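Take a look at the letters that make up each chain.
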Amino acid sequence: MAGAADISAYKDFAIVLATAAVAVPTLARVKVNPILAYLLMGIVLGPHGLGALSHSFTPLQWVTVRSPELLAGIGELGVTFLLFFIGLELAPQRVWTMRRLVFGLGSLQIVISAALLGGIAHALGQSTPAAILIGFALALSSTAIVVELLSRQNRMSLGTGRSSFAILLMQDLAVVPLMLLIPVLAPGGTGSILVGIATALGQTLLAIGLIVAIGYVILRPLFRLVGEADSPDLFVGAVLLVAVGSGVATAAAGLSMALGAFIAGLLLAETEYRKAIEAVIEPFKSLLLGVFFFAVGAEIDLASIAANPFQVVLGVVALIVIKGIVAGGLTRAFGFNATVAGRTGALMGPGGEFAFILLGQAVLAQIIEPAAGGFLITIASLSMALIPVLDAAAKAAFPIKSTAAPDPALTLTPVDAPPVTAIVVGFGRVGELVSNMLDVHGISHFITEKRPDLVTLGRKSGRPIYFGDALNRGFLERCGLANARAIILTLHDWDAMERIVGEVRAIRPDITIIARARDAGHAQKLYEIGVTDAVPETIEASLQLSEAVLIDLGIPAGPVIASIHEKRDEFRLALQKAAKSAGRTASRGLRSKVADRQKS
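Residues numbered from 1 in each chain as written. Predicted model: local features only at pLDDT ≥ 70, side-chain atom pairs only at ≥ 80, totals over all residues. Heavy atoms only, no water.

1. Remarks on the packing of aromatic side chains
Now for step 1: In the structure shown here, the tally under the stated rule is six aromatic pairs.
Now for step 2: When the ring of F165 is compared with that of F262, the centres are 5.7 Å apart and the planes differ by 50 degrees; the resulting orientation is tilted. Remark: F262 occurs in helix α11 (residues 257-268) and F165 occurs in helix α8 (residues 159-185); sequence separation between them is 97 residues.
Now for step 3: For F262, a relative accessible area of 3% corresponds to the buried category.
Now for step 4: Members of the aromatic cluster, joined through ring pairs, are F223, F235, Y273 and F467.
Now for step 5: Directly above the ring of Y466 sits K275, whose terminal nitrogen or CZ lies 4.9 Å from the centroid.
Now for step 6: The cationic tip of R459 hangs over the ring face of Y466; the distance from NZ or CZ to the ring centre is 4.9 Å. (Phe/Tyr/Trp six-rings, centres within 6.5 Å; stacked < 30°, edge-to-face > 60°. Helix = DSSP H or I, 4+ residues; strand = E, 2+ residues; numbered from the N terminus. Buried < 20%, exposed > 50% of the residue type's maximum accessible area, 1.4 Å probe, protein only. Lys NZ or Arg CZ within 6 Å of the ring centre and 35° of its normal.)

And the structure:
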């Protein structure tokens, strides 16, 4: 039996992987949002979709998910990685800048929405304890779907991103007190609600304080230790350890895993390891979030909707409208324009993933009837599936009327201003000198280096340096390669340099590449593979030596410098010509080999 259960779990996960590899890209061709694609496939392949027919048609068991709760556990890691990633893109002072939105806007949205929704539940016959929990459970929105949607569209730093994220962050903080309400409100439960809330707040502050204190002490030394091992596998392991470990720590204190991961991301946001960590975590985040969205879709009970279509549709519409008006109105009251308010209301209107947890626990505690709990979970799930559609409708209904830049003080994504113009790869003596000269002429740049000791040294001297391997395409993109005008390769690892040139040219065929070369032969090879300018060390040493000799012999500096520049240009043109000639020869040789094969 255990073996069968294991096979079933693997089979379910394989179905999600097939969705990611086949269904999502296919639906993307017809402009279906990836989040919506995962949700739709979850509905179709879940136990309430084709899975409901698997008892009468056995082959369907192999293409449908039987246990979405197993996927939900994996999907929670996706939410954890998402919040860790968002934390990396923030900075602690920017979160502090948003405190008015988080504790003001966020708290009012929860309280007012819960009061209205709970009042409706009580009017429809639910007991007071049930109505309280229903109100708070449905007042929460979907962190996973909303933040992922905004991140994909690069809207986190805009008004809608700021207001939505502030509300969602407060909702995450509110989950613990709400969980502690359940035993107090349960039949026969004892204890004071105020005492329960005070206990929850104490646990929250203690857990957050411990994570922050431990993080400040160990995170930098940990990544420096792993970086010195020069092993990509160990670095990935360390990133996963920090993201998941911090989540487990907060979960043990009764908080959400996502909140712990978010705090850990914040602690790493302004370190030299941020960009390398972002490049590592991105694939895990995207895939595991897909699992989460699939599991949400699988929870939607089509039979329940078919049995009570009017009630379900009315419930979904009421939930979205009530919460949307509350969130939109409060957003407007907190100083945002009507466009931001309308779009925020559309995103905050649907239910959230924490509703499943709160409502499920309330059913187990016999506060809410199982039938009512299942009905409410269906409404929350269906409303979450509509988030991409609602967002598209809100963008059409509330077009942007101003092109004013967002307030830099409230920008969520890190501001590496001014925009990077050049990327210097390597921080040895050559790289440091290049960086100094770029500073002299006011050219903004990043430096990348894979030796942690050099990165630490550069950070201490105020250099814009980040730990990471330039052979990693994702890392290069995180360093701003898409918008940079030039990349300067100062490495003495010639093989790595040539591979980096290939990666850079694959991403940016138009960018200027200046590379350090060993000698004339190596410079010619670099020209052949696409370098814009190669600087051979042997030739440069000879030119500098000649310049010193001529000046010491009494030749005026002006003519000497002019002749040196002229000679340097001669060498460059000769090497470039030789590289082009070698390229044409290689091309003719290849065509000749192909022709010979065709004849044979």
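2. Section: helix α18 (residues 387-397)
Now for step 1: Among all positions in α18, only I387, P388, D391 and A394 are buried. Across the axial projection of α18, the buried residues extend over an arc of 125 degrees, all falling on one side. Away from its buried face by more than 90 degrees, α18 exposes A396 and A397.
Now for step 2: Buried-residue contacts for α18 involve α2 (34-45), α7 (143-152), α15 (338-348) and α17 (370-385). (Arc of directions from axis to C-beta. Contact = heavy atoms within 4.5 Å.)

3. Focus: empty space enclosed by the protein
Now for step 1: Applying the stated rule across the entire model yields one cavity of 30 Å³ or more.
Now for step 2: Quantified by volume, the largest cavity comes out at close to 40 Å³.
Now for step 3: Taken together, P34, I35, Y38, E148, R152, S286, L289, G290 and F293 make up the full set of residues lining the largest cavity.
Now for step 4: Of all the secondary structure elements, the ones that give two or more residues to the lining of the largest cavity are α2, α7 and α12 (274-298).
Now for step 5: The element that contributes the greatest number of residues to the lining of the largest cavity is α12, accounting for four residues.
Now for step 6: A breakdown of the residues in the lining of the largest cavity according to their chemical character gives five nonpolar, two polar and two charged. (1 Å grid on protein atoms, 1.4 Å probe; cavity = no way out; pocket = protein on both sides within 12 Å on 5 of 7 lines; lining within 4 Å. Points joined across faces, edges and corners; volume = space filled by probe spheres on them. Nonpolar A, V, L, I, M, F, W, Y, C, P; charged D, E, K, R; others polar.)

4. With respect to the environment of L116
Now for step 1: Within the element layout of this structure, L116 appears in helix α5 (residues 99-123).
Now for step 2: When the C-alpha positions of L116 and A139 are compared, they lie 9.2 Å apart, and in sequence the two are 23 residues distant.
Now for step 3: For L116, the residues in contact, after removing those within four places along its chain, are I322 and V326.

5. Some points on unusual backbone geometry
Now for step 1: Positioned with a positive phi, D230 is a non-glycine residue whose angle comes to about 55 degrees.
Now for step 2: Among the structural elements, D230 can be located in the loop between α9 (193-228) and α10 (232-252).

6. Focus on the packing of α5 against helix α6 (residues 128-139)
Now for step 1: Contact geometry of α5 with α6 gives a least axis separation of 7 Å together with a crossing angle of 135 degrees. Classed by the angle they form, the pair α5 and α6 counts as oblique. The chirality of how α5 crosses α6 is right-handed. Judged by residue contacts, Q109, I110, S113, A114, L117, G118, A121 and H122 of α5 engage T128, A131, I134, G135, F136, L138 and A139 from α6. (Axes fitted to C-alpha atoms, helices over the stretch in contact; angles between N-to-C directions. Parallel < 35°, antiparallel > 145°, perpendicular 65-115°, else oblique. Left-handed = near helix turned anticlockwise from the far one by under 90°.)

7. What about the side chain of S141?
Now for step 1: The residue S141 is located in the loop between α6 and α7 in this model.
Now for step 2: A residue is classified by how much of its surface remains accessible, and S141, at 1% relative accessible area, is buried.
Now for step 3: Polar contacts involving the side chain of S141 include one to the main-chain carbonyl oxygen of M348, which spans 2.9 Å.
Now for step 4: Other than its neighbours up to four places away in sequence, S141 contacts L168, Q171, K323, M348, P350, G351, G352 and E353. (Polar contact = N/O pair within 3.5 Å; in protein donor to acceptor, adjacent residues only side chain to side chain.)

8. Focus: the nonpolar core
Now for step 1: Membership of the largest hydrophobic core comes to 88 residues, with the highest contact counts inside it found for F165, F293, L359, I367 and I368.
Now for step 2: No other element matches α8, which puts 13 residues into this core.
Now for step 3: When sequence neighbours within four positions are dropped, the list of residues in contact with L359 reads I134, A137, I368, L376 and I377.
Now for step 4: By size, the runner-up hydrophobic cluster in this structure holds 63 residues, among which are V226, A264, F467 and L575. (Core = buried A, V, L, I, M, F, W, Y, C linked by side-chain atoms within 4.5 Å.)

9. Regarding the packing of helix α22 (residues 494-507) against helix α23 (residues 520-528)
Now for step 1: For the pair α22 and α23, the least separation of the axes is 10 Å and the interaxial angle reads 20 degrees. What the angle tells us is that α22 and α23 run roughly parallel. For the crossing formed where α22 meets α23, the hand is right-handed. On the side of α22, the interface is formed by W494, M497 and E498, while α23 contributes H522, K525 and L526.
Now for step 2: The residue makeup of the contact of α22 with α23, split by class, is three nonpolar, one polar and two charged.

10. Digging into the pattern of salt bridges
Now for step 1: As enumerated under the stated definition, the model contains 15 salt bridges in all.
Now for step 2: Salt-bridge contacts for D439 lead to R463; the nearest nitrogen and oxygen are separated by 2.3 Å. A residue pair is termed long-range when its members are at least 10 positions apart, and D439 in helix α19 (residues 429-440) and R463 in the loop between α20 (452-460) and β3 (465-467) qualify at 24 residues.
Now for step 3: With its nearest N and O atoms 3.7 Å apart, the salt bridge here joins R518 to D519.
Now for step 4: For D519, a relative accessible area of 27% corresponds to the partly exposed category. (Salt bridge = Lys/Arg side-chain N within 4 Å of Asp/Glu carboxyl O.)

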